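Remarks on the overall topology
Spelled out from the first residue to the last, the chains are:
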Amino acid sequence: MKYMSVAVDGPAGSGKSTITKMVAEKLGYNYVDTGAMYRALTFNFLKNGLNELNEEKIKFLLSNLKFNVKFIDRKQHVYINEEDVSEKIRTAEVSKFTSLFAKSPAVREFLIDTQRNLAESNNIIMDGRDIASVVLPNADVKIFLTASVEERARRRVLDFENQGLTNVDYEKVKEEIKARDYQDENRDIAPLIKVESAILIDTTSLTIDQVVDEMIKLIKCKENF
Ligand code: DC
């Protein structure tokens with residue numbers, strides 16, 4: 001059986017994960033969050049005292065860990081050495097180091113088969129930075145989500161505030177987003193790019209529901225083929 005695959009790429013704060021998750025729920029697809037996989041490996045590197053890009057040490061740590069992704073009630077869980085780390089990987093520290101370790105060829109090679117295999121056994125919608133360009137170049141639908149850096153920073157600040165954090169510095173958040181954009185767009189391997197065949201959706205002045213509806217429309221068109 002051929003399953004539907006939808007690739008969603010875009011920069012940090014473009015609304016990717018929120019929107020992709022909602023689209024997956026509405027369509028009954030699995031939402032594959034590749035960022036969580038990079039975060040989980042980074043979490044493990046930091047736990048082992050590695051905080052610089054050292055390919056030899058990365059390879060050593062990768063060869064000694066057990067990595068697993070499971071879907072429970074269609075929700076993705078990421079395991080390192082049997083421990084579910086899905087919640088622990090959402091810190092600012094892990095975010096910062098993940099875009100550093102995502103440059104490592106060993107890290108990218110380590111994850112690509114897992115990501116491709118997930119698209120073999122279910123209808124999936126997968127988000128990340130290199131999904132349409134590298135992981136699933138033959139995806140049925142390819143979408144590139146973006147928004148202005150100011151709007152993305154505003155959303156991040158709101159996220160932090162909703163988590164109970166006060167006094168979040170908007171300018172600092174904006175600078176951190178810019179730094180992550182730079183790292184993600186300028187690395188040698190699998191940089192963040194919009195492939196020609198991807199449909200661009202600028203979410204700056206759209207509501208979440210408007211983007212969700214637009215994506216569902218695009219996917220439904222292809223489902224009927
Ligand atoms: O989407 P996110 O914020 O959870 O992603 C965390 C980092 O992982 C991000 O800075 C870039 C990296 N990443 C990547 O390089 N390739 C992907 N497919 C997904 C994420």
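The text that follows walks through the structure, step by step, so that each part is easy to find. All values reported here derive from a predicted model rather than from experimental measurement. (Residues numbered from 1 in each chain as written. Predicted model: local features only at pLDDT ≥ 70, side-chain atom pairs only at ≥ 80, totals over all residues. Heavy atoms only, no water.)

1. Considerations on the overall build of the protein chain
Counting its regular elements, the protein chain contains nine helices and eight strands. The C-alpha atoms of the protein chain give a radius of gyration of 17 Å, which matches the 17 Å a tight globule of 225 residues would have. Its C-alpha atoms give the protein chain principal-axis dimensions of roughly 50 × 45 × 35 Å. The proportion of buried residues among the 225 residues of the protein chain is 49%. Accessible surface, the protein chain as shown: approximately 11,800 Å² in total, 49% of it carbon and sulfur. (Helix = DSSP H or I, 4+ residues; strand = E, 2+ residues; numbered from the N terminus. Rg over C-alpha atoms; globule rule 2.2 N^0.38 Å. Buried < 20%, exposed > 50% of the residue type's maximum accessible area, 1.4 Å probe, protein only. Areas by Shrake-Rupley, 256 points an atom, 1.4 Å probe, with all protein chains shown as cover.)

2. A few points about the site of the ligand
Taken together, 16 residues are adjacent to the ligand, and Arg39, Arg108, Asp130, Arg180 and Arg187 come closest. Here an oxygen atom of the ligand sits 3.3 Å away from a polar atom, N or O, in the side chain of Asp184. When isolated, the ligand has an accessible area of 450 Å², and the protein chains bury 95% of it. Elements supplying a minimum of two residues to the shell around the ligand: helix H2 (34-47), helix H4 (92-101) and helix H8 (170-186). Per-element tally for the shell around the ligand: the top contributor is H2, with four residues. Here the residues of the shell around the ligand are counted per class, giving three nonpolar, five polar and eight charged. (Near = heavy atom within 4 Å. Polar contact = N/O pair within 3.5 Å; in protein donor to acceptor, adjacent residues only side chain to side chain. Nonpolar A, V, L, I, M, F, W, Y, C, P; charged D, E, K, R; others polar.)

3. Quick word on the pattern of salt bridges
Applying the stated criterion to the full structure yields 17 salt bridges. Between Arg154 and Glu151 there is a salt bridge whose closest N-O contact spans 3.0 Å. Of this pair, Arg154 and Glu151 both sit in helix H7 (residues 149-162), three residues apart, roughly one helical turn. With a relative accessible area of 43%, Arg154 lands in the partly exposed category. The exposure class of Glu151 is buried, given its relative accessible area of 14%. With a closest N to O distance of 3.8 Å, Arg156 and Asp159 form a salt bridge. You can see Arg156 and its partner Asp159 sitting in helix H7, three residues apart, about one turn around the helix. (Salt bridge = Lys/Arg side-chain N within 4 Å of Asp/Glu carboxyl O.)

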